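A look at the structure
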Amino acid sequence: MRAASAPGKVILFGEHFVVHGSPAIVASIDLRATAIVELMESGDVRLSDGSRGNPAVRAAEHILSRLGASTGLIIEIRSKIPQSVGLGSSAAVAASSSAATLHLLAGRLDHSMILEASYEGEKTVHYMPSGIDTSIATFGGAGLYTRSDGYRRLDIELEEILVVNTGRQRRTGDLVLRVKEFSEKKPEIFKQLLDEAARITMEGLDHLRSKDLEKLGRLMNRNQELLRTVGVSSPEIEEAVALCLEAGAYGAKLTGAGGGGCVIAVADPDKLDKIAPVVSRKFEVFRVKLGVDGVRIEQP
Ligand code: MEV
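Predicted, not measured: the structure shown is a model, and the values here were computed from it.

**Description of the side chain of Glu236**
In this structure, Glu236 sits in helix α8 (residues 235–246). Relative accessible area serves as the criterion here: at 17%, Glu236 is assigned to the buried category. A distance of 2.8 Å separates polar atoms of two side chains, one belonging to Glu236 and the other to Ser234. Setting aside residues up to four positions removed in sequence, Glu236 forms contacts with Thr166, Arg168 and Phe283.

Okay, structure coming up:
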């Protein structure tokens with residue numbers, strides 16, 4: 001038996017546009033998923049509730065095939081990451097399951113193999129993942145991601161952020177398709193939005209480094225406008241964003257795929273103490289620490 005865990009994530013800038021080649025900034029959060037993997041002499045790979053065809057199972061199967069191993073596995077998942085709300089739960093589950101399987105069978109962690117297996121797992125959730133969620137779940141920390149160059153870990157001077165869960169679950173694949181349709185119907189407008197998203201991400205990086213929360217907030221508001229334009233905001237997201245801004249946040253935007261899910265907001269830490277109770281009258285609110293460890297072995 002072996003256990004491994006991996007973190008969830010927030011995307012600070014650039015979701016969706018990252019699928020189409022633009023850079024994005026992502027940070028791991030202190031909510032983790034743990035996979036406990038046990039060898040079975042016969043049978044296939046399945047979750048402890050019997051289910052198959054999910055990110056954890058697909059990722060573990062990929063590890064087995066890379067090792068040339070054929071054995072049955074039972075995987076139990078224990079996760080603190082809310083599901084289907086944009087916090088990277090499926091990637092964390094896939095990364096923890098790959099890491100536990102690899103360590104159980106080969107006695108080592110190989111991050112590039114774990115990343116590859118997690119990506120295969122993530123494909124059960126949507127058909128063209130950029131790889132951002134699986135990269136942050138595998139490597140942890142915070143940094144810049146592009147499809148062409150992968151994940152570049154960076155020192156980012158932002159320790160904490162407010163996460164507002166609108167409670168509406170949705171499927172990442174549907175929202176990624178919605179943006180793809182927009183890009184096909186309005187290619188010229190989409191190209192302009194893509195360029196602006198790239199500029200916002202790179203400017204955001206400067207403000208993160210200098211910890212200029214006010215400028216960071218303004219950029220988040222502009223990023224939210226772009227996401228609204230491509231059709232991935234929702235009435236709940238707009239309400240959560242408006243509540244955060246009215247309560248004094250410098251900026252707020254959806255994080256992850258949108259269509260519901262979570263909103264993030266930035267403000268000075270003492271201001272966050274005041275914003276959280278106001279927003280929590282309507283939505284679930286929590287503060288998360290950013291920049292935690294990627295996959296790691298745990299005591300089962
Ligand atoms: C999902 O967390 C982020 C998206 O950009 C999809 C992806 O990058 O694979 C919406």
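So that's the structure; there's more coming.
**Description of the domain arrangement of the protein chain**
In terms of domains, the protein chain is made up of domain 1 (2–156) and domain 2 (160–289). Its C-alpha centre places domain 1 at a distance of 24 Å from the equivalent point of domain 2. Between domain 1 and domain 2, the residue contacts involve 33 residues of the former and 45 residues of the latter. Looking only at domain 1, the three residues that lose the most surface to domain 2 are Phe13, His16 and Phe17, adding up to 25% of its buried area.

**A look at the layout of surface pockets**
Roughly 690 Å³ of volume is contained in the largest pocket. Lining the largest pocket are 39 residues; nearest its centre among them are Ser89, Ser90, Glu122, Val125 and Thr172. Within the residue set of the lining of the largest pocket, elements represented by two or more residues are β1 (2–13), α1 (55–67), β4 (72–79), α2 (89–106), α4 (132–139) and α5 (172–185). Here the lining of the largest pocket is built from residues that sort into 16 nonpolar, 17 polar and six charged. If you count residues domain by domain, the lining of the largest pocket takes at least three from each of domain 1 (2–156) and domain 2 (160–289).

**Structural notes on the site of the ligand**
The environment of the ligand is formed by 13 residues, the closest being Lys9, His16, His126, Ser130 and Asp133. Taking Lys9, its side chain carries an N or O atom lying 3.0 Å from an oxygen atom of the ligand. Residue Ser130 places a side-chain N or O atom 2.6 Å away from an oxygen atom belonging to the ligand. Its free accessible area being 300 Å², the ligand has 98% of it covered by the protein chains. A molecule is said to occupy a pocket when more than half its atoms come within 2 Å of that pocket's grid points, and by this definition the ligand occupies the largest pocket. Listed by contribution, the elements that provide at least two residues to the shell around the ligand are β1 and α4.

**Quick word on the pattern of salt bridges**
Applying the stated criterion across every chain, the model contains 24 salt bridges. Residue Arg66 is joined to Glu116 by a salt bridge in which the shortest nitrogen-to-oxygen separation is 2.7 Å. With Arg66 in helix α1 and Glu116 in helix α3 (residues 111–122), this pair connects stretches of sequence that are 50 residues apart. Here Arg66 falls in the partly exposed class, since its relative accessible area comes to 42%. Exposure remark for Glu116: the relative accessible area of 31% places this residue in the partly exposed category. Salt bridges here are not isolated pairs; linked through shared partners, they connect Asp44, Arg46, Arg52, Arg58 and Glu61.

**What to know about unusual backbone geometry**
For residues besides glycine, phi is generally negative; the peptide bonds are generally trans as well. Its identity as a non-glycine residue notwithstanding, His16 has a phi of 70°, on the positive side. The phi torsion at Lys211 lies on the positive side, around 55°, for a residue other than glycine.

About the cut-offs
Within any chain, residue numbers begin from 1 and follow the written order of that chain's sequence. Where totals are concerned, whole chains, interfaces and linings use all residues; where local detail is concerned, this predicted model gives features only for residues with pLDDT of at least 70, and gives and counts side-chain atom pairs only at 80 or more. Working from all heavy atoms in the structure, the side-chain values ignore hydrogens and water. Helix numbers and strand numbers start at the N terminus; a helix is a DSSP run of H or I with at least 4 residues, a strand a run of E with at least 2. Each residue's exposure class comes from its accessible area (1.4 Å probe, protein chains only) as a fraction of the maximum for that residue type: buried when under 20%, exposed when over 50%, partly exposed otherwise. Pairs of N or O atoms within 3.5 Å make up the polar contacts considered here, provided that, within protein, one atom can donate a hydrogen while the other can accept it, and that residues adjacent in sequence are counted only when both atoms are side-chain atoms. Should any heavy atoms of two residues lie within 4.5 Å, those residues are counted as being in contact. These domain limits were set by an automatic method or by a database of domain assignments. Buried area adds together the accessible area that both of two parts lose upon being put together, with accessible area traced by a 1.4 Å probe. Only protein atoms enter the 1 Å grid used here, on which a cavity is any set of points holding a 1.4 Å probe that cannot leave and a pocket is any open set flanked by protein within 12 Å on both sides along at least five of seven lines; residues with an atom within 4 Å of a point are listed as lining. Grid points are joined across faces, edges and corners, and a volume is the space filled by probe spheres set on the points. In this classification, Asp, Glu, Lys and Arg are treated as charged, Ala, Val, Leu, Ile, Met, Phe, Trp, Tyr, Cys and Pro as nonpolar, and every other residue, Gly included, as polar. In these notes, residues near a molecule or strand are those with any non-hydrogen atom within 4 Å of it. Here, Shrake-Rupley sampling with a 1.4 Å probe gives the accessible areas, and only protein chains in the shown set may cover a residue. A cavity or pocket is said to hold a molecule if more than half of that molecule's atoms lie within 2 Å of its grid points. The term salt bridge refers to a side-chain nitrogen of Lys or Arg lying within 4 Å of a carboxyl oxygen of Asp or Glu.

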